[in-house]
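Residues per chain are reported as follows:
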Amino acid sequence: MAEGEKLIPINIEDEMKSAYIDYSMSVIVSRALPDVRDGLKPVHRRVLFGMYELGVLSNRSHKKSARIVGEVLGKYHPHGDTSVYDTMVRMAQEWSLRYMLVDGQGNFGSVDGDSPAAMRYTEARMRKLSEDMLSDIDKDTVDHQLNFDDTIEEPTVLPTRVPNLLVNGASGIAVGMATNMPPHNLSEVVDGTVAYIENHDIEIEELIQHIKAPDFPTGGIIYGYDGVREAFKTGRGRVIMRAKAHMEEVKGRECIVVTEIPYQVNKADMIKKTADLVNDKKIEGISLIRDESDRNGMRVVYMIKRDAIPNIVLNTLYKHTALQSSFSVNNIALVNGRPEMLNLKDMIMHFVDHRHEVVLRRTQFLLKKAEDRAHILEGLIIASDNIDEVIALIRSSNNTEEARNKLIERFELSEVQAKAIVEMRLRQLTGLEQDKLRIEYEDLMKTIEDLKDILARKERRMEIIKEELLEIKEKYGDERRSEINYAGGDLSMEDMIPDEQVVISISHAGYIKRTPLTEYKKQNRGGVGSKASTTRNEDFLEYLFVGTNHQYMIFFTQAGKCFWMRVFEIPEGSKTSKGRAIQNLINIDPEDKVKAFICTEDLKNEEYINNHYVIMATKKGQVKKTSLEKYSRPRSNGINAITIKEGDELLSARLTTGDSEIMLAAKSGKCIRFEESKTRPMGRNASGVRGIRLDSDKDEVIGLVTVNDQETDILVVSENGYGKRSSLEDYRVTNRGGKGVKTISITEKTGELVAMKNVTDLDDLMIINKSGVAIRIAVADLRVMGRATQGVRLINLREDDSIAAVAKIVNEEEEEEMIEETGEENTHEEDGSLNDGTNLDKTEEEE
C-alpha cells in the first residue's frame, strides 16, 4: 500500500445494493425508457440534437453517417458508436418507425433482417418532421444540462410540436421494468389531442372515437378490439396483428398472397420457419412458398395443393406462423424523471402540458427580446428628434465613454440606449431611416401587447397549441395503414367467414363445389338445358341446392361410416368449374365409397337436431332411424353411422322430420311403402331392423324414397331399358318388414329393377348404360301408368348392354328460376326429403 493511503473496511452487501441501485436508476432514467414529453430516449434525443447542431437539415445535402455519429459521440453520448449508429439507422427505416425522423441514403437494412451498410458508406440528414421536433429550441423553451465532460450544454427534452410518444411508440428493457408502446396514426392522434384540449374532462371512450387503434408501419390487420381498448384504458393490453392476405389464381392454381405482415416480424425468418413446418408435415396443403417482393411492395405467395382449401390453409398459417403475432402493450414512460404506467389520456395530458410550458417559455423569451428592442428604439427616436444637439454633444466629447455619459445625463437615457446612439451609423440620420424607426417601434408595441395577452390568458395559449397541432396534421397526416377487424379475437374460423348463401352442386361422378348465390343471380334466365358446368367423361350435375356457409354437410359411405364438413370447407368454384372430388376432401378409406350426403343446419341447435332424423337403408333390406343429435359431434376421421353386416352395404340415407313415409324397392320388382313412425329411433352402432323381406339371397334393395309430398309420382327403371311412371296412390301403406307389392312386372324382356325415383313433370332423367352411353329424357314425356304393368321402353340397348344407373338431374331453367326467386329454399328435394340427395353406385374418380 502506497504511503498516505489507508483502507476503509465496508460491508460488501451494502456496497452491492448501493451500486446496483445506482446502475438500475441510470438505466431506467438515462437509457431505456422514453420521456413522456417528447417520446425520446436520451440516445435518440442526442442524435437529433447532434444533427441539428451539425446543420444536416432536411433542405441541406446528406452528410456521412460516420461524421454524425462522431459528432454525437464526441459531444453528448459517451457510449459505443454502434449504439448511436443503430439508433440512427432505426430512425431511417420505414418498417421500424411509423413516421421516420432521419432521411437515410444508402443501404439501411431491410425488412428481411439484412444488416445496414457500415456508417462509412451511408449518409443521412434530418427529416422535416424532426425539424418540427426541434423548432424553438433556441428560444429558451426547454432546460439544458451540461454534457458528460461539462464543456457544452445539451437539452434535457425537445420542445416537440409532434406527439411523438404516441405517434412512433417506443420499446426498451430497463432493470426490473420494460416498455413497449405501439405507434399510432398522426392524424388520429392530433384529432384526439385537440379533443382533449377542447375538453379536459373527456373520457377515454370518447378519445377512442378519434384514436381508433395503433397504426403499424408495416400495415396488416389488427384482429380483435378488446386488447386495444384494454391498452387505451389501463396502459397494458395485447393487440393481435395479422398479415393482410388475399386469394389469387396463378396458372390455374389457387394461391394465398400476403402483401403486408405484422409489425416487427422478420419476413425471411417467417418464410423459412413456415417452410420447415410444411416439410415437417405440421402444416398441410402448401406446395410452394415464393417471395416475390420487389421495390413496388411486399408479395409472399403460398401455392396451395389442389386438394386443399385456401381458407383452412390460411387459418392454419395464422395459427402456427408469424402471419399472426401479438403486440404486448406496456405503456411505461418517464414522468418528471420517474417511470409511470400511462393510459391514453395520461399520455395526451402530459404532451399538452409540455407544449403549454414550451409556448409559455417561448412567449416570455420573445416578449423580453421585443421589450429590449423597443427600449433601444425609444432611445434612437429621442436621438433622431434631437439630432443636431446629439451630434454636437458627441463631437465635443473626448472619447466614447464621455459621449455616453453626456447623452445619459442630457436625455435621461439608459446605458443600453446611449450605447446604441453612439454606435448609430450616419445613414440612419436620413428622413427615411427615421420613419422606419417609428414604424418598427409601433409594430413592436403591437407585438408586445399580443405577447402579454398570450401570457395573461391560458385559453389563448391552448388555442395556439391547437393551431400548431393542426398545422402538423396538415403537413404530415396520412391515411391509416393497419386495418381494424373489430369482430376478430379468439374466434373460431366460422366467425371469419360470412354466413352468406351459396349454391352447393354435386355431379354424378362425385365432384362437389360451392358457388356464391350472387353468381347465379347475375346469370340470365332461359338456358337451353345444357349445364354450363365443366364436367369430365360425360359427367353431369346431379344435385344442386341452396345453403349457407355455416351449415353442415354429412357424408355416408357404403361401409357405414359418417364424415362431416362445414359448407365453407367445400372448395369454392365458379358456375362453370367442375369442383373437386369428394373423396379428396374427407379422410375416407380408398376402398370405401360415398353413397349419400345430407345438408343440415346448425348442429349446435338442440331443437333442430332433436326434431330431425336420419333414415338409412342397406342393400339387404335393413332400415334404421337415428336422431340427428347422434351425428352432431362427428370426428375428422369419421364415426360409425350404422353397423353393416357381412355381405351387406349402405345404400342410401335421408334426413326426415319423423313423419315421412318410406318406400323401398328391390331388384325383384317389389316395393314396400310404410310410415316412418313404424321404425323406432336407434343408436349409431345399431344395424337397424328389417324394412323389406327379400325373395332370395340374390335379391337386393335398389332404391330408398322418403315421401313428404303426396303429389309426387314414382318412376322405376329396369336394366333392359324399360321404365314406368306410377301414381303414389297405387302403393298402399303397409307394415314394415313385409314383401311389398309389385311395382313393375319383371320379365326376361325387362330385366331386373335397377332404380326407383320420386318425380314430377319438372324433372329430367339421365340414364347411363354400362357401355358409357347416356341419354336424357324429360319425365313430362312419360305418361302415368298402372303399378303392375311392365312399362315402356325408355332407351334402346344393344344386346350385350344394360342400364348401370339412373339419376334425376338439375333442370337448369327451373333451378335458376327457383334460385333467383327464393334464394333460400332447397332447390333439389330428392325423393321429397329435406336438403339431401344420394350419390349413385358409380365409383368416384380421383382427381
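All residue numbers refer to position in the chain's written sequence, counted from 1. The predicted origin of the model limits local features to residues at a pLDDT of at least 70 and limits the giving and counting of side-chain atom pairs to 80 or more, whereas totals for whole chains, interfaces and linings rest on all residues. The side-chain quantities take in all heavy atoms of the structure and omit both hydrogens and water.

- You'll find the protein entered in an unreviewed UniProt entry as DNA gyrase subunit A, with Haloflavibacter putidus given as the organism.
- UniProt positions are given in the numbering used here, feature names are shortened, and annotations may be inferred rather than shown by experiment. Its UniProt record, at the heading Subcellular location (unreviewed entry), says of the protein: "Cytoplasm".

**Considerations on the sheet that holds strand β25 (residues 613-618)**
- Strand order in this open sheet of four strands is β28-β25-β26-β31, and the pairing throughout is antiparallel. Of all strands in the sheet, those with a lone pairing partner are β28 (650-656) and β31 (689-690), marking the two edges.
- Where β25 and strand β26 (residues 622-627) come together, five bridges link them in antiparallel fashion. Following the sheet pairing, Val614 is matched in β26 by Thr626. Two strands are counted as paired when DSSP detects at least two bridges linking them. Only DSSP runs of H or I reaching four residues or more are called helices, and only runs of E reaching two or more are called strands; each is numbered from the N terminus.

**A few points about unusual backbone geometry**
- The phi angle at Lys251 is positive, at roughly 50 degrees, despite the residue not being glycine.
- Classification of Lys251 by relative accessible area gives exposed; the value is 83%.
- Of note, the phi angle at Glu412 is positive, near 55 degrees, even though the residue is not glycine.
- As for its placement among the helices and strands, Glu412 is situated in the loop between α14 (400-411) and α15 (415-422). Only protein chains enter the area calculation, which uses a 1.4 Å probe; residues under 20% of their type maximum are buried, those over 50% are exposed, and those in between are partly exposed.

**Here we look at the UniProt feature "coiled-coil region" (unreviewed entry) in the protein**
- Cross-referencing UniProt, the feature "coiled-coil region" (unreviewed entry) maps to residues 434-475 in the present numbering.
- Taken end to end, residues 434-475 is 98% helix and 0% strand, and its first and last C-alpha atoms sit 41 Å apart.

**Digging into the packing of aromatic side chains**
- In this scheme Phe, Tyr and Trp rings, the latter by its six-membered ring, pair at centre separations within 6.5 Å, and the angle between planes marks the pair as stacked below 30 degrees, edge-to-face above 60, and tilted otherwise. For the structure on display, the rule yields nine aromatic pairs.
- Centroid distance Tyr225 to Tyr486: 4.9 Å. Interplanar angle 50 degrees. Geometry classified as tilted. Here Tyr225, found in the loop between β8 (221-223) and α9 (226-234), pairs with Tyr486, found in the loop between β17 (483-485) and β18 (501-507); they are 261 residues apart in sequence, far enough to count as distant.
- Taking relative accessible area as the criterion, Tyr225 reaches 6% and is therefore assigned buried.
- With a centroid separation of 5.9 Å and an interplanar angle of 80 degrees, the aromatic rings of Phe556 and Tyr631 are classed as edge-to-face. Here Phe556, found in strand β21 (residues 552-557), pairs with Tyr631, found in the loop between β26 and β27 (639-640); they are 75 residues apart in sequence, far enough to count as distant.

**Re the sheet that holds strand β12 (residues 286-291)**
- The antiparallel open sheet is built from four strands, whose spatial order is β10-β11-β13-β12. Both edges of this open sheet fall to β10 (244-250) and β12, since each of them pairs with a single strand only. On average, each strand axis in the sheet is tilted by 25 degrees relative to the strand beside it, whichever way the strands run.
- Of the strand pairs in this sheet, β12 and strand β13 (residues 300-304) are connected by five bridges, and their pairing is antiparallel. Bridge pairing in β13 places Ile286 opposite Ile304.
- Where helix α10 (residues 267-279) meets the sheet, its contacts fall on β12 and β13, and the angle it forms with β12 comes to roughly 165 degrees. All axes are obtained by fitting lines to C-alpha atoms, using only the stretch in contact for helices, and the reported angles, taken between N-to-C directions, cover 0 to 180 degrees. The contact criterion used throughout is that any non-hydrogen atoms of two residues lie within 4.5 Å.

**Considering the layout of surface pockets**
- We place a 1 Å grid over just the protein atoms. Points where a 1.4 Å probe fits but has no way out form a cavity, open points with protein on both sides within 12 Å along at least 5 of 7 lines form a pocket, and any residue with an atom within 4 Å of a point lines it. Grid points are joined across faces, edges and corners, and a volume is the space filled by probe spheres set on the points. The space that makes up the second largest pocket amounts to roughly 630 Å³.
- Lining the second largest pocket are 30 residues, with Glu94, Trp95, Ser110, Val111 and Met298 positioned closest to its centre.
- Broken down by secondary-structure element, the contributors of at least two residues to the lining of the second largest pocket are β2 (102-105) and β11 (253-260).
- Residue contributions to the lining of the second largest pocket peak at four residues, all from β2.
- For the lining of the second largest pocket, a count of residues per class yields nine nonpolar, twelve polar and nine charged.
- The start and end points of each domain follow an automatic or database-based domain assignment. In terms of domain composition, the lining of the second largest pocket takes at least three residues from each of domain 1 (41-157) and domain 2 (244-322). Any residue outside Ala, Val, Leu, Ile, Met, Phe, Trp, Tyr, Cys, Pro, Asp, Glu, Lys and Arg is labelled polar, Gly included; the first ten of those are nonpolar and the last four are charged.

**As for the pairing of strand β38 (residues 774-778)**
- Where strand β37 (residues 764-769) meets β38, five bridges bridge the pair, whose relative direction is antiparallel. Residue pairing in the sheet places Ile768 in a bridge with Ala774 of β38.
- Hairpin connection between β37 and β38: a loop of four residues separates the two successive antiparallel strands, and Gly772 in this loop has a positive phi of roughly 100 degrees.

**Things to note about the environment of Asn296**
- Along the chain, the position of Asn296 falls in the loop between β12 and β13.
- Residue class for Asn296 comes out exposed when judged on its relative accessible area of 70%.
- Linking Asn296 and Glu254, residues 42 residues apart in sequence, is a C-alpha distance of 23 Å.

**Some words on the domain arrangement of the protein**
- Under the domain assignment used here, the protein contains domain 1 (41-157), domain 2 (244-322), domain 3 (361-476) and domain 4 (492-521 + 540-600).
- In this structure, domain 3 and domain 4 have C-alpha centres spaced 88 Å apart.

**Some words on the nonpolar core**
- Nonpolar cores were defined as sets of buried Ala, Val, Leu, Ile, Met, Phe, Trp, Tyr and Cys residues, with membership established by side-chain atoms within 4.5 Å. Grouped together as the largest cluster of nonpolar side chains are 102 residues, with contacts concentrated most on Met51, Ile68, Leu101, Leu186, Phe232, Ile348 and Leu407.
- For this core, the leading source of residues is helix α12 (residues 344-385), giving 13 residues.
- Residues from two domains meet in this core; each of domain 1 (41-157) and domain 3 (361-476) gives at least three.
- Ile261, Val265, Ile286 and Val313 belong to the second largest nonpolar core, which has 21 residues in total.

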